[in-house]
Amino acid sequence: MRREELIMICTSDIAGQLRGKAVPVRDFEKRRTVGVGWTPTNIMITAHGPIAPSPWGSREDLYLRPVPATAVRLAVDSEGPVQHFVLSDIMQLDGTPWTCCLRDFLKRGLAALEAEGLRLVAAFEHEFALRGVEERPNSPYNFDAFRRQGLFAEVFTAAMREAGLEPDTFMPEYGPSQYEVTMRHAPALTAADRAVVLREVARGVAHRLGLEATFTPLLRPDAVGNGVHLHFSLTEGSGRPVNHDPDGPGGLSPVAGAFLEGVRRKLPSLCALTAASTVSYLRLVPHRWSASYTNVGVRDREAALRICPVFRPGSEETALHFEYRAADAAASPYLVLGAIVWAGLWGVRQKLGPPPLTTADPEQMDERERAALDLRRLPGSLADTLSELEADADLKAAMGETLHRVYLAHKRFEEELMAPLDPAEQCARYLLAY
Ligand code: GLU
Ligand code: MG
């Protein structure tokens, strides 16, 4: 068979999907600046196919400008297809970023953070299911479950390495046929790019091996959730971490405390951007080891925000970091990280004091105890968190009026699409998408 290799110029969108257009690789040089044409209404295409009401209709033009450093060439073996893609920025015809480019939403947040003398280092931790691996109840952390995924882990690790993802750990997670993968931390924009790439590399390797990797937030209503846990650390411009102060509550420096408190207070509206499916809210309930209250927990895997352990006593200055657990892969990594950056920045600018810390289960507390710690239950549905986002003037300003408006329209339309379906049917639909 004669073959000619293509490269797909892609964007990670509101639906958490990677979409774009492929060009022959031999034309890529000339596509570097001109990119490929794109349509504003594409951002209204839901994960389930139907298009949400779009203010642009069939009108107007944009282009996807590739970011060559993000290119990934996944050639699992010599017979199989080459899966070659590159991430991009969405540009207007005058060469300025489009207001609804999600990568730009993150970049703008990072620039604003930098203006405060701060940077963020991050790593996305992903849980996913490998369909085609038999579900057995004995599988958590089990070497047998590791063995039964066959060649996947090795081929995936090699592919991650080649894609520059710096593989860290791989494990059979708690759910039958559920696995988890972590990467080394990186500067924030790189970390988000890598999260976009990682999902496609996992899907691509699995596909080639006759398996299916799914990052859907919840396979079935009774399944263990697939979380995306975002680890992050604040540094000053020089790269020196600024998270720790031995005298601060929980060992938090004032700036880390303000950042975390900003994120904590914004959690009810942030969830709209970080847990963006209807089934996400079946996962974000107590005692699923996900997140269910607006709490910062000290070494607690049920906290929405967790102060992670430091494994070598004395290394707090460099090793202390935080984890945001109320995210899943229905959301674009740019939205997840961008939302956290903007919310944390809001806390820093407001000079908020440190967050109240929890060391006990909020679900077991009475109303008075919860009120004393300012703990709110996270929104119980996508509709509820969208109402919070609608009313949040700070996040609206961060997103820009247009992105804020079309995001709400997109996700409300998705909510309407799912409304007639029961939870099991909704999970089945999301499984097809993620
Ligand atoms: N599967 C859990 C979630 O939905 C997380 C379990 C863990 O790694 O702590 O977030
Ligand atoms: Mg896990």
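Please refer to the structure placed before this passage.
Residues numbered from 1 in each chain as written. Chains lettered and ligands numbered in written order. Predicted model: local features only at pLDDT ≥ 70, side-chain atom pairs only at ≥ 80, totals over all residues. Heavy atoms only, no water.

Participant: What's the story with the state of the cysteines in this structure? I'm lost.
Facilitator: Here a disulfide denotes one covalent bond, and it connects the sulfur atoms of two cysteines. Scanning all chains against the criterion turns up 0 disulfides. In this structure Cys101 is a free cysteine whose sulfur lies 9.2 Å from that of Cys100, the closest cysteine sulfur available. Not part of a disulfide, Cys271 finds its nearest cysteine sulfur in Cys427, a span of 18 Å. Owing to a relative accessible area of 0%, Cys271 belongs among the buried residues under this scheme. (Disulfide = S-S within 2.5 Å. Buried < 20%, exposed > 50% of the residue type's maximum accessible area, 1.4 Å probe, protein only.)

Participant: Help me understand the coordination of the magnesium ion (ligand 2) in this model?
Facilitator: Taken together, Glu127 (OE), Glu173 (OE) and Glu180 (OE) make up the full set of protein donors to the magnesium ion (ligand 2), lying 2.0 to 2.1 Å away. On the primary sequence, the residues serving as donors to the magnesium ion (ligand 2) are separated as E-x45-E-x6-E. Taken together, the positions of Glu127 in strand β7 (residues 118-131) and Glu180 in strand β9 (residues 178-183) put the pair 53 residues apart, joining distant regions of the chain. By relative accessible area, Glu127 is classed as buried at 8%. Residue classification places Glu180 among the buried residues on the basis of a relative accessible area of 5%. (Donors = N, O, S within 2.8 Å, 3.2 Å for Na, K, Ca; no water. Helix = DSSP H or I, 4+ residues; strand = E, 2+ residues; numbered from the N terminus.)

Participant: I keep staring at the site of ligand 1 and nothing clicks. Help me out?
Facilitator: Close to ligand 1 lie 13 residues, the nearest being Glu127, Gly225, His229, Arg283 and Arg325. Within the side chain of Glu127, a nitrogen or oxygen atom sits 2.8 Å from a nitrogen atom of ligand 1. Separating an oxygen atom of ligand 1 from a side-chain N or O atom of Glu173 is a distance of 3.0 Å. When isolated, ligand 1 has an accessible area of 290 Å², and the protein chains bury 92% of it. (Near = heavy atom within 4 Å. Polar contact = N/O pair within 3.5 Å; in protein donor to acceptor, adjacent residues only side chain to side chain. Areas by Shrake-Rupley, 256 points an atom, 1.4 Å probe, with all protein chains shown as cover.)

Participant: Can you walk me through the nonpolar core in this structure?
Facilitator: A general trend in soluble globular proteins is that nonpolar side chains are found buried together. Of all hydrophobic cores here, the largest spans 118 residues; its most connected members are Phe156 and Tyr324. Those residues in contact with Phe156, other than ones at most four positions away along the chain, are Phe128, Phe170, Val181, Leu198, Val201, Ala202 and Val205. In terms of nonpolar packing, the next biggest core, distinct from the first, is built from 11 residues, Leu218, Val279, Met418 and Tyr434 among them. (Core = buried A, V, L, I, M, F, W, Y, C linked by side-chain atoms within 4.5 Å. Contact = heavy atoms within 4.5 Å.)

Participant: How do you make sense of the pattern of salt bridges when you look at a structure like this?
Facilitator: A pair can form between side chains of opposite charge whenever their charged atoms are brought close. Counted according to the given criterion, the structure contains 36 salt bridges. The shortest N-O distance in the salt bridge between Arg184 and Glu166 comes to 3.7 Å. Residue Arg184 is found in the loop between β9 and β10 (186-187), and its partner Glu166 is found in the loop between α4 (152-162) and β8 (167-172); the two are separated by 18 residues along the sequence. Arg184 gets classed as partly exposed once you look at its relative accessible area, which sits at 48%. A salt bridge links Arg405 to Glu401; the shortest N-O distance between them is 3.1 Å. With Arg405 and Glu401 both in helix α13 (residues 401-418), this residue pair falls 4 residues apart, about one helical turn. When its relative accessible area of 39% is taken as the criterion, Arg405 is described as partly exposed. Using a relative accessible area of 41% as the deciding quantity, one classes Glu401 as partly exposed. Beyond isolated ion pairs, a larger network of salt bridges with shared partners links Glu134, Arg136, Asp144, Arg147 and Arg148. (Salt bridge = Lys/Arg side-chain N within 4 Å of Asp/Glu carboxyl O.)

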